[in-house]
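# Inside the fold
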Amino acid sequence: MPFGNTHNKLKMNYSAEQEYPDLSQHNNHMAKVLTPAMYASLRDKETPSGFTLDDVIQTGVDNPGHPFIMTVGCVAGDEETYEVFKDLLDPVIEDRHGGYKPTDKHKTDLNAENLQGGDDLDPNYVLSSRVRTGRSIRGFCLPPHCSRGERRAIENLSIESLDILDGDLKGKYYALKNMTEDEQQQLIDDHFLFDKPVSPLLLASGMARDWPDGRGIWHNDNKTFLVWVNEEDHLRVISMQKGGNMREVFTRFCTGLTKIEGLFKERGHEFMWNEHLGYVLTCPSNLGTGLRAGVHVKLPNLSKHEMFGEVLKRLRLQKRGTGGVDTAAVGGVFDISNADRLGFSEVELVQMVVDGVSLLVEMEKRLESGEGIDDLMPEQK
């Protein structure tokens with residue numbers, strides 16, 4: 001970590017009370033859970049790679065939170081973080097993931113055949129569909145804690161593996177640091193490029209160190225399958241296309257992800273996974289599937305309806321502006337996606353999006369023609 005937390009032993013010269021952060025103005029999951037007694041019992045522990053309690057909570061200390069959005073306020077530096085600091089992280093996970101207990105088991109299902117429908121979302125309303133997730137490579141520290149050498153090794157492993165993909169997954173890798181201006185502009189136009197993080201949540205956790213060293217983007221020639229290397233997670237895998245055929249998007253996602261996992265295993269590296277947390281990622285909010293299935297959908301009438309928020313909540317969906325998590329909707333177009341990550345399988349989450357968006361479009365059509373939607377109100381899923 002870049003913040004001097006490596007002098008953890010020296011901190012022991014001060015009492016836990018003297019070292020305890022001031023969380024009086026904070027509104028995040030970490031601040032809700034952490035107590036002086038818990039801090040005192042965990043502060044001298046560290047993971048095998050040297051990640052400490054102060055490293056885990058730094059982002060939540062530096063970012064008190066948002067008055068309306070409950071941020072998580074902590075990150076993992078390696079796979080062992082979730083075990084060594086479970087006294088803090090188990091309650092955070094339970095709080096963030098709707099009561100997911102330390103004894104619960106997560107289910108994984110990457111068989112796209114199990115999805116019902118999904119190929120018929122109305123393209124007059126659904127402009128584009130995408131599914132994304134993250135993956136971490138076992139044996140390496142996670143982005144808040146990894147060294148330059150580790151980051152470059154992950155990049156090289158990724159290039160070697162992705163290079164082998166063929167058919168409609170055949171593609172090319174673009175390293176951020178030696179991209180030409182034309183390539184950069186093309187990737188920006190395609191909405192593929194990720195830039196140096198500016199979010200204080202990411203900066204305070206150390207994810208932007210040494211930028212842009214070791215970072216890059218791989219995409220297939222068809223521009224429908226994309227891998228970000230060494231951004232917030234080791235790998236971010238994205239399948240997307242225009243229109244409403246979520247089934248096609250999800251099928252490509254499952255096929256590509258399964259192939260990539262196999263290629264990494266052939267090189268002696270598996271993805272971090274366990275039966276309690278599912279796929280292990282940097283932010284506790286992304287554990288389990290790490291999956292966000294989303295569509296850009298036109299809902300100019302429904303979005304003005306007083307029940308819009310309640311409908312989304314009942315369908316276990318969330319809305320964002322089309323420019324990302326902090327943006328407003330433009331022209332009644334919203335990014336609608338699953339709210340859950342952990343405790344449901346990939347297929348179950350995509351199914352919720354497919355079924356939910358179908359209903360939202362049906363409601364929009366009703367309102368468009370001046371009819372009511374009371375009879376379409378869903379039960380709580």
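For the structure given in this document, a descriptive report is provided here. (Residues numbered from 1 in each chain as written. Predicted model: local features only at pLDDT ≥ 70, side-chain atom pairs only at ≥ 80, totals over all residues. Heavy atoms only, no water.)

Let us look at the packing of aromatic side chains. In this structure the tally under the stated criterion is 5 aromatic pairs. Plain terms: the ring middles of Phe-264 and Phe-271 are 5.5 Å apart, the flat faces sit at 50 degrees to each other, and that makes the pair tilted. Taken together, a centroid distance of 5.5 Å and an interplanar angle of 65 degrees make the contact between Phe-308 and Phe-334 edge-to-face. Of this pair, Phe-308 sits in helix H12 (residues 308-314) while Phe-334 sits in strand E10 (residues 333-338), and the two are 26 residues apart along the sequence. Judged on exposure class, the residue Phe-308 and its partner Phe-334 are both buried. (Phe/Tyr/Trp six-rings, centres within 6.5 Å; stacked < 30°, edge-to-face > 60°. Helix = DSSP H or I, 4+ residues; strand = E, 2+ residues; numbered from the N terminus. Buried < 20%, exposed > 50% of the residue type's maximum accessible area, 1.4 Å probe, protein only.)

Relative to the elements of secondary structure, Gln-241 occurs in strand E5 (residues 235-242). Here Arg-252 takes part through its side chain, which lies 2.4 Å from a polar atom of the side chain of Gln-241. With residues near it in sequence (within four places) discarded, Gln-241 still touches Ser-128, Ser-129, Thr-224, Glu-248, Val-249 and Arg-252. (Polar contact = N/O pair within 3.5 Å; in protein donor to acceptor, adjacent residues only side chain to side chain. Contact = heavy atoms within 4.5 Å.)

Interaxial distance between helix H8 (residues 148-162) and helix H11 (residues 246-266) falls to 9 Å at its minimum, and their mutual angle equals 115 degrees. Two packed elements cross with a definite hand, and for H8 against H11 that hand is right-handed. Residues Leu-157, Ser-158, Ser-161 and Leu-162 of H8 form the contact with H11, whose participating residues are Ile-260, Leu-263 and Phe-264. Residue composition of the contact of H8 with H11, by class: 5 nonpolar, 2 polar and no charged. (Axes fitted to C-alpha atoms, helices over the stretch in contact; angles between N-to-C directions. Left-handed = near helix turned anticlockwise from the far one by under 90°. Nonpolar A, V, L, I, M, F, W, Y, C, P; charged D, E, K, R; others polar.)

We now examine empty space enclosed by the protein. Applying the stated criterion across every chain, the model contains 1 cavity of 30 Å³ or more. By volume, the largest cavity amounts to about 40 Å³. Around the largest cavity, the lining residues are Asn-8, Lys-11, Met-12, Tyr-39, Arg-43, Leu-53 and Asp-54. When residues of the lining of the largest cavity are traced back to their parent elements, those giving at least two are helix H1 (8-11) and helix H5 (53-62). (1 Å grid on protein atoms, 1.4 Å probe; cavity = no way out; pocket = protein on both sides within 12 Å on 5 of 7 lines; lining within 4 Å. Points joined across faces, edges and corners; volume = space filled by probe spheres on them.)

The next subject is the pairing of E10. Across the 6 residues of E10, 6 count as buried, placing the element largely inside the fold. Two elements, strand E8 (residues 292-298) and E10, share 5 bridges in a ladder whose sense is antiparallel. Bridge assignment links Gly-294 to a residue of E10, and that residue is Ser-337. (Pairing = 2+ DSSP bridges.)

Among the structural elements, Leu-121 can be located in the loop between helix H7 (86-96) and strand E1 (126-135). According to the relative accessible area criterion, Leu-121 is buried, its value standing at 6%. Sequence separation of Leu-121 and Gly-244 is 123 residues, and the distance between their C-alpha atoms is 4.7 Å. Aside from chain neighbours lying at most four places away, what touches Leu-121 is Val-126, Gly-244, Met-246, Val-295, Val-354, Val-357 and Ser-358.

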